[in-house]
Amino acid sequence: MARIVSRALPFASRPSLCLLRPPPLPGAALLRSAAAAPPPLPHAASLLSWRGLTGAPEPSLAAPPPFAGFLSGIRGFRKARRGPAAAKRSQPQDAAPPPPPPPPPKESEIELIARIGVEEDMPDDDEVLNIVEILKLNVPMAMKIALDGLVDSNYSTRDTSISDVGKYDKVEVSVLLCNDNFIQNLSKEWRDEDCTTDMLSMSQHIPDLDVPILMLGDIVISVETAARQAEEKGVTLLDEVRVLVVRGILHLLGFNHETSDEAAMEMEKEEHLILKSLRWKGKGLAKGAHDSSKLQPDSLDGQVTDSQKRAVTLRFYRPKFKYIFCDMDGTLLNSKSQITARNAEALREARSRGVNIVIATGKARPAVIDALSTADLSGKTGIVSESSPGVFLQGLLVYGSEGRQIYKRNLDQEVCREALLYSLEHKIPLVAFSQDHCYSMFGHPLVDSLHYIYHEPKAKIVPSVDQLLGTAEIQKVLFLETPEGISSALRPYWAKAIEGRAHVVQAQPDMLELVPPATSKGNGVQILLNHLSISPDEVMAIGDGENDIEMLQLASLGVALANGSEKTKAVANVIGATNDEDGVAQAIYEYAF
């Protein structure tokens, strides 16, 4: 008689698996153990030498086996379940009294080994890591129930190549937790099906191989799909993963619900019995499969499109970039100069996954803080504050660690004087920017709109040019005019008038800015990267205007929104949706993870 004991171990490298089956589950390079694994054996290692990969001392046979009380209860449960068949075999063959029973044989032990791992490209997620620790106990428990009584199985649809496990010293199964991308690639490789699924089971058992270890196989579970299904069913992620583990074990033991309705019913019955005996929550196979089909979002060529990926799934992907530099007007803000709920959610989710969001804008810092306060994204717990890094006023003001100013550049005073006098003479409103303050020569509705619509500091009216220039250092000046007036008169005039002394920038069709020569957001971003010791390879940038061109070129990935200028889109790596279509959120969901 064999007694089943269990053991749960972290994944270890298994080079000997290549002796057992066609292309193996991607090896140790693709796996991240829940605990440190021993070094791999040489390629020539035999299956028996795999004992050295347990990573823990072998248990003494004299020691009480784990879950001994639990096993006793399971035996009783199985006896009640399969009582008639067992009773039939135990009836005497004739009426003669039975001979005295021989001394009971020494009970042998069957060690159940469960290797639990997380795919290495998965980020560290507290809930997933906690599930790994729980599965170290749960998987052997499920294995005990599934294996016990296989000899007595009356299921007509099950492949019975694995039945009597008493001849084995050990029974092993591995469980790998991964995301949708990994399981989709694995499904394509193993089943030639380019689609996501919740679970794959891959048998390692070779019936004619006479070895003391029964290697059931590998169970691969997408916790990303499991999380969606758990949310839909109203259960926890652990509940759903447990159900998928049971389903995977049953597949490895020869159950296959896809062959016929009868096979589906028999597998569902077995699944229900295991879940019920362990008191684990979960719906039956048929119900679960039905629910899962409704949960799969629309796809293109079998792949879930990134634009449909909900923010919650980002938790199962490592960020591709450590920093996202994002423009404000025309990019993060929509045409009403507001941040949408979806953009705000994407920024929060990216930040929760360890991505640093840095604003790079032509706006003053107070304008950004005010604009993002509506979504609770400003302040010490937000993405912008007086103590956070950022690039403002087209790169003329750069704040580094703890919000300290690390760079400032002013516009030539003579250019400022000429622009202020031009504004007075032609009655074209102009706003001068000086760090966190704005100034103007006269009141005007367009000047007021800069504050009430675009969130810029309210302009102080200073009627004297000399007084204004004596009051503040000016970083840039901004003319407010119709798009036609700017393109036909203002831009041609000032491009020629300040040639060599300053530079013309147009971020919005109805605004024209005069800035110091060689000014660009890209220069400001580079200064900040140097200050923070960040490589451009770690940066993704999102923008729309001509003033974003250098920033997009500097970043490892530059995303121009569809509403952007043609010059900007021409230099971008990819073109996203418009700012009125949550282009920033879509870019983060598609390209940041």
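Since we're looking at a predicted model, the values are computed, not measured.

What counts, and at which threshold
- Residues numbered from 1 in each chain as written.
- Predicted model: local features only at pLDDT ≥ 70, side-chain atom pairs only at ≥ 80, totals over all residues.
- Heavy atoms only, no water.
- Core = buried A, V, L, I, M, F, W, Y, C linked by side-chain atoms within 4.5 Å.
- Buried < 20%, exposed > 50% of the residue type's maximum accessible area, 1.4 Å probe, protein only.
- Helix = DSSP H or I, 4+ residues; strand = E, 2+ residues; numbered from the N terminus.
- Contact = heavy atoms within 4.5 Å.
- Pairing = 2+ DSSP bridges.
- Axes fitted to C-alpha atoms, helices over the stretch in contact; angles between N-to-C directions.
- Left-handed = near helix turned anticlockwise from the far one by under 90°.
- Nonpolar A, V, L, I, M, F, W, Y, C, P; charged D, E, K, R; others polar.
- pLDDT = per-residue confidence, 0-100.
- Expected span 1.5 Å × (residues − 1).
- Bend = angle between axes of the 7 residues up to and from the residue.
- Salt bridge = Lys/Arg side-chain N within 4 Å of Asp/Glu carboxyl O.

S.K.: How do you make sense of the nonpolar core when you look at a structure like this?
M.R.: Buried together is how nonpolar side chains tend to be arranged in soluble globular proteins. Counting residues in hydrophobic clusters, the biggest one holds 106 residues, and the most contacted among them are Leu177, Val241, Leu372 and Ile588. The dominant element in this core, judged by the number of residues it contributes, is helix H3 (residues 126-147), at eleven residues. Those residues in contact with Val241, other than ones at most four positions away along the chain, are Ile131, Leu135, Leu177, Ile221, Val223 and Ala226. In this structure, Met441, Ala472, Leu490 and Trp494 belong to the second largest nonpolar core, which totals 28 residues.

S.K.: I keep staring at the sheet that holds strand E22 (residues 574-576) and nothing clicks. Help me out?
M.R.: The strands making up a sheet associate through hydrogen bonds between their backbones, and the pairing can be parallel or antiparallel. Pairing is parallel across the open sheet formed by five strands, whose spatial order is E10-E9-E20-E21-E22. Every other strand in the sheet has two partners, leaving strand E10 (356-359) and E22 as the edge strands with one partner each. Adjacent strand axes in the sheet meet at a mean angle of 25° when their direction is disregarded. Both strand E20 (residues 539-543) and strand E21 (residues 557-561) contribute to a ladder of four bridges, which runs parallel. From the neighbouring strand, Ile542 faces E21, where its bridge partner is Val559.

S.K.: Looking at this structure, I do not really get the packing of H3 against helix H6 (residues 237-252). What am I missing?
M.R.: Packed helices, taken two at a time, are described by the angle between their axes plus the distance between the axes. Put simply, H3 and H6 touch, their axes get as near as 10 Å, and they point 35° apart. In terms of crossing hand, the pair formed by H3 and H6 is right-handed. Where H3 abuts H6, its residues Glu127, Ile131, Ile134, Leu135, Asn138, Val139, Ala142, Met143 and Ala146 lie against Leu237, Leu238, Val241, Arg242, Val245, Val246 and Ile249. When grouped by side-chain class, the residues that make up the contact of H3 with H6 number 13 nonpolar, one polar and two charged.

S.K.: I tried to follow the side chain of Glu240 on my own but got confused; where do I start?
M.R.: Position of Glu240 relative to the elements: it lies in helix H6. For Glu240, a relative accessible area of 2% corresponds to the buried category. Ignoring anything within four residues of it in the chain, the contact list for Glu240 reads Ala226, Gln229, Ala230, Lys233 and Val235.

S.K.: Explain unusual backbone geometry here, please?
M.R.: Negative phi characterises most residues that are not glycine, and trans characterises most peptide bonds. The phi angle at Gln394 is positive, at roughly 65°, despite the residue not being glycine. Residue position: Gln394 is located in the loop between strand E11 (390-392) and strand E12 (397-399). Of note in this structure, Ser533 is not a glycine but carries a positive phi near 55°. Relative to the helices and strands, Ser533 is located in the loop between helix H16 (521-532) and E20.

S.K.: Would you take a moment to explain the confidence of the model for the chain for this structure?
M.R.: Low-pLDDT stretches of the model should not have their predicted coordinates read in fine detail. Taken over all residues, the pLDDT of the chain has a mean of 81, while the share at 70 or more is 77%. Low pLDDT, under 50, characterises residues 10-93; the predicted model gives this stretch 149 contacts beyond four residues in sequence or across chains. Low pLDDT, under 50, characterises residues 286-308; the stretch is placed with 33 contacts to residues that sit more than four places away or in other chains.

S.K.: What should I look at first to understand the pairing of strand E9 (residues 323-326) in this one?
M.R.: A regular strand places its side chains on the two faces of the sheet in alternate fashion. Here E9 shows no split at all, with Tyr323 and Phe325 on one side and Ile324 and Cys326 on the other all buried. For E9 and E10, the ladder comprises four bridges, and the chain directions are parallel. Among the inter-strand pairings, Ile324 is bridged to a residue of E10, identified as Ile357. In this sheet, E20 lies alongside E9 in parallel orientation, the contact comprising four bridges.

S.K.: What is the right way to look at helix H15 (residues 483-497) in this model?
M.R.: Note on helix geometry: an α-helix contains 3.6 residues per turn, so any two residues three or four positions apart are oriented the same way. With 15 residues, H15 extends 20 Å from end C-alpha to end C-alpha; this agrees with the ideal 21 Å at 1.5 Å per step. By the largest-angle criterion, Leu490 marks the main kink of H15, which is about 40°, and a proline, Pro492, follows within four residues. Along H15, the positions that sit buried rather than exposed are Gly485, Ile486, Leu490 and Trp494. Buried residues in H15 make contact with helix H12 (413-426), strand E17 (476-480), strand E18 (503-505) and strand E19 (511-515).

S.K.: Could you clarify how one ought to interpret the sheet that holds strand E16 (residues 460-461) in this entry?
M.R.: Pairing within the open sheet is mixed, and its six strands lie in the order E16-E15-E14-E17-E19-E18. For this open sheet the edge positions go to E16 and E18, each flanked by a neighbour on one side alone. For strand E14 (residues 430-434) and E17, the ladder comprises four bridges, and the chain directions are antiparallel. By the bridge assignment, Phe433 is partnered in E17 with Lys476. Strand contacts of H12: E14, E17 and E19, with the helix running at about 20° to E17, the strand carrying the most contacts. Each of E17, E18 and E19 touches H15; the most contacted strand, E19, lies at about 5° to it.

S.K.: How should the packing of helix H10 (residues 341-352) against helix H19 (residues 583-591) be read in this particular structure?
M.R.: For the pair H10 and H19, interaxial distance at closest approach is 7 Å and the crossing angle is 35°. Relative to H19, the crossing made by H10 is left-handed. Residues Arg342, Asn343, Glu345, Ala346, Leu347 and Ala350 of H10 form the contact with H19, whose own contacting residues are Gly583, Val584, Ala585, Gln586, Ile588 and Tyr589. Within the contact of H10 with H19, the residues separate by chemical class into seven nonpolar, three polar and two charged.

S.K.: Whenever I open this one, the pattern of salt bridges confuses me. Can you help?
M.R.: Think of it this way: side chains of opposite charge can pair up when their charged atoms draw near. On inspection of all chains with the given rule, the structure shows 23 salt bridges. Lys136 is the salt-bridge partner of Glu133, the closest N and O atoms lying 3.2 Å from each other. Of this pair, Glu133 and Lys136 are both found in helix H3, three residues apart, which corresponds to roughly one turn of the helix. A relative accessible area of 15% means that Lys136 is categorised as buried. Here Lys476 ties to Glu513 by a salt bridge, and the two come within 2.8 Å at their closest N and O atoms. Highlighted residues: Lys476 in strand E17 and Glu513 in strand E19, separated in sequence by 37 residues.

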